[in-house]
Amino acid sequence: MIEPIGSERAGQNVDSNEHMSTLAEQLEQIPFFPPAVQVIPRLLPLFGNDKSPTDELAEVVRVDSGLTADILRVCNSAAFGFQMRAQTIQDAALRLGMKEMYKITSKVIAEPILGAGVHQVPVDGVDLWHHSLATGSASAIIAEAMGTDMEIGFTIGLLHDIGKVRLVQTVGSDYREMIIAARGGAEPLHSMEAQKWGLDHAVIGGQLLKRWNFPENMRDAVLLHHSVMGTTPNLDFAAQVNLADYLAGAIGLPYDRLGPVHPPNPRALHLANMSVEDLHKLAPRVIEHFNREQAPFVERG
Ligand SMILES: [Fe+2]
Ligand SMILES: [Fe+2]
């Protein structure tokens with residue numbers, strides 16, 4: 001948890017260098033700068049399932065100070081190991097390639113949204129950012145096993161629980177109590193949400209993606225990631241995310257580390273033609289993928 005600068009040291013004789021290092025440490029902990037609202041309408045349509053990364057992404061990023069800072073930060077992180085530091089988005093695009101830029105930007109877009117849930121209602125054990133990244137990784141690996149696109153798989157997994165952020169923003173303290181209550185019971189959190197509010201975080205997330213003009217397969221994957229039912233041709237995507245959500249928990253990165261990991265939806269297993277044992281065999285590759293995705297966002301020690 002980030003402390004207010006110097007809050008515990010008021011009145012104490014602390015030299016200015018120490019204050020400086022405290023401030024620097026705190027600034028290092030800022031997750032990412034969110035993109036400006038002005039660029040979002042141009043940014044989101046670039047992330048469709050029928051789109052391939054183009055120079056247009058770099059053009060959008062280029063005009064946004066927050067995204068530019070974020071991309072350069074990742075490009076210059078130890079994980080990439082470039083000798084010279086990139087100073088412009090063109091540099092970063094050349095070094096990373098547009099596909100990597102596409103991936104990083106999708107994570108940066110998601111992070112302020114997803115991270116808000118953790119910051120606004122701190123509940124010990126709840127970690128939406130790592131859970132989302134793990135579900136994205138699991139979804140990519142399952143996509144590969146199902147013969148579908150890994151990048152789309154990653155993005156829908158990353159975004160699957162955004163409805164939880166909306167619940168935190170609107171009914172935060174009630175939701176906090178519900179998260180804690182769900183730890184002791186056999187009933188999953190999403191069922192408790194539906195009983196109390198008439199709709200669960202999957203429906204809320206699906207509605208958000210619809211409003212933001214996300215492609216239908218991404219919207220349906222989020223909307224149906226717990227129920228895995230309906231007449232949509234995109235049900236395979238929902239099944240993929242349901243299994244990825246379970247697998248993220250199985251490798252130790254559930255939404256709530258102090259809550260139970262519920263089994264995957266049987267309809268999802270049927271649609272993917274997989275057993276729980278088949279899923280567990282993918283775990284080492286999911287962990288490897290997760291570590292690779294996380295590396296650029298981990299600060300140098
Ligand atoms: Fe969920
Ligand atoms: Fe989840």
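The structure presented is a predicted model; accordingly, all values stated were derived computationally and were not measured.

Visitor: Please provide a residue-by-residue account of the overall build of the chain, values included.
Guide: A tally of regular secondary structure across the chain gives 16 helices and zero strands. Residue pairs in contact within the chain that sit at least 24 positions apart in sequence constitute 63% of those at least 6 positions apart.

Visitor: Could you give an account of the packing of helix α12 (residues 216–223) against helix α13 (residues 235–250), with specific residues and numbers?
Guide: Across the interface, α12 lies against α13 with an axial gap of 8 Å and an inter-helix angle of 45°. With respect to α13, the axis of α12 lies oblique. In terms of crossing hand, the pair formed by α12 and α13 is right-handed. Between α12 and α13, the residues in contact are Asn217, Asp220 and Ala221 and Phe237, Ala238 and Val241, respectively.

Visitor: Tell me about helix α7 (residues 128–146), and please be specific about residues and values.
Guide: Helix length check: α7, at 19 residues, gives a terminal C-alpha distance of 26 Å against a target of 27 Å (1.5 Å per residue), a fit within 8%. The buried count for α7 comes to 15 of 19 residues, which makes it a mostly enclosed element. Positive backbone phi, approximately 80°, marks Gly147, located one or two places after α7.

Visitor: Which residues make up the nonpolar core, and what values go with them?
Guide: Membership of the largest hydrophobic core comes to 52 residues, with the highest contact counts inside it found for Ala138, Ile156, Ala221, Val222, Ala238, Leu243 and Leu247. For this core, the secondary structure elements donating two or more residues are α7, α8 (150–159), α9 (162–184), α11 (201–211), α12, α13, α14 (266–272) and α16 (283–294). In terms of residue count, α13 provides more of this core than any other element does, eleven residues in total. Discounting residues that sit within four places of it in the chain, Leu243 has contacts with Ile142, Pro264, Ala268, Ala272, Met274 and Leu279. Counting 19 residues, the second-largest nonpolar core is a separate cluster that includes Leu67, Tyr102, Val108 and Ile109.

Visitor: Residues and numbers for the confidence of the model for the chain, please.
Guide: One rule of thumb: low pLDDT means the predicted coordinates there are not for detailed reading. Per-residue pLDDT for the chain averages 77, and the proportion of residues at 70 or more is 75%. Note on residues 1–30: pLDDT is under 50 here. Beyond four places in sequence and across chains, it has eleven contacts. Considering only residues more than four positions removed or in separate chains, one finds that residues 115–119, a stretch of pLDDT under 50, has eleven contacts.

Visitor: Residues and numbers for the packing of α7 against α16, please.
Guide: Where α7 contacts α16, the axes come no closer than 8 Å and their chain directions differ by 125°. The angle between α7 and α16 falls in the class oblique. Crossing of α7 against α16: the hand is right-handed. Along the contact surface, α7 presents Leu133, Ala134, Ser137, Ala138, Ala140 and Ile141, while α16 presents Arg285, Val286, His289, Phe290, Glu293 and Gln294. By residue class, the composition of the contact of α7 with α16 is seven nonpolar, three polar and two charged.

Visitor: Let's hear about the environment of Ala145: which residues, and what values?
Guide: With respect to the element layout, Ala145 can be found in helix α7. Accessibility expressed as a C-beta count within 10 Å gives 19 for Ala145, which makes it partly exposed. Along the chain, Ala145 and Leu282 lie 137 residues apart, while their C-alpha atoms are 9.0 Å from each other.

Visitor: Before we move on, could you go through the environment of Phe237 and cite the residues and values that matter?
Guide: Inspection of the secondary structure puts Phe237 in helix α13. For Phe237, a count of 29 C-beta atoms within 10 Å puts it in the buried group. As for Phe237 and Ala272, which are separated by 35 residues in sequence, their C-alpha atoms are 9.5 Å apart. Residues contacting Phe237, with those up to four places away along its chain left out, are Ile156, Asn217, Asp220 and Ala221.

Visitor: Any details on unusual backbone geometry? Residues and values, ideally.
Guide: As a rule of thumb, non-glycine residues mostly have phi less than zero, and peptide bonds are mostly trans rather than cis. Phi at Val228 takes a positive value of approximately 45°, unusual for a residue other than glycine. The topology assignment puts Val228 in the loop between α12 and α13. On the neighbour-count criterion, Val228 (23 C-beta atoms within 10 Å) is buried.

Visitor: I'd like a description of α12, backed by residues and values.
Guide: By the criterion of burial, α12 is predominantly enclosed, with seven of the eight residues buried. Listed in full, the buried residues belonging to α12 are Asn217, Met218, Arg219, Asp220, Ala221, Val222 and Leu223.

Visitor: A description of the environment of Ala182 should follow, citing residues and the corresponding values.
Guide: Counting through the fold element by element, Ala182 comes out in helix α9. Remark: the alpha-carbon pair of Ala182 and Pro260, spanning 78 residues in sequence, is separated by 8.4 Å.

Procedures and definitions
Along each chain, residue indices are assigned from 1 in the same order as the chain's sequence is written. All chains are assigned letters beginning with A, and all ligands numbers beginning with 1, in the order in which they are written. Only residues with pLDDT of 70 or above have their local features reported here, since the model is predicted, and side-chain atom pairs are shown and tallied only from 80 upward, although totals for entire chains, interfaces and linings are computed over all residues. We count a stretch as a helix when DSSP gives it H or I for four or more residues in a row; a strand needs E for two or more, and each element gets its number in order from the N terminus. Contact between two residues is assigned when their C-beta atoms, built from the backbone, lie within 7 Å. Lines fitted to C-alpha atoms define the axes here, with helix axes fitted over just the stretch in contact, and angles between the N-to-C directions of these axes take values from 0 to 180 degrees. Geometric relationships in this document are graded by angle, where less than 35 degrees denotes roughly parallel, more than 145 denotes roughly antiparallel, 65 to 115 denotes roughly perpendicular, and other angles denote oblique. Two helices cross in a left-handed way if the nearer one is turned anticlockwise from the farther one by less than a right angle. They cross in a right-handed way if the turn is clockwise. Here the expected length of a helix is defined as 1.5 Å per residue gap, with one fewer gap than residues. Burial in this document is a count-based property: other C-beta atoms within 10 Å of a residue's C-beta are tallied, and the residue is buried at 20 or more, exposed at 12 or fewer, or partly exposed in between, with C-beta positions derived from the backbone. Core membership is restricted to buried Ala, Val, Leu, Ile, Met, Phe, Trp, Tyr and Cys residues, and these are joined into a nonpolar core through C-beta atoms within 7 Å. A score between 0 and 100, pLDDT records how confident the predictor is in each residue. Charged residues are taken to be Asp, Glu, Lys and Arg, nonpolar residues to be Ala, Val, Leu, Ile, Met, Phe, Trp, Tyr, Cys and Pro, and polar residues to be all remaining types, Gly included.

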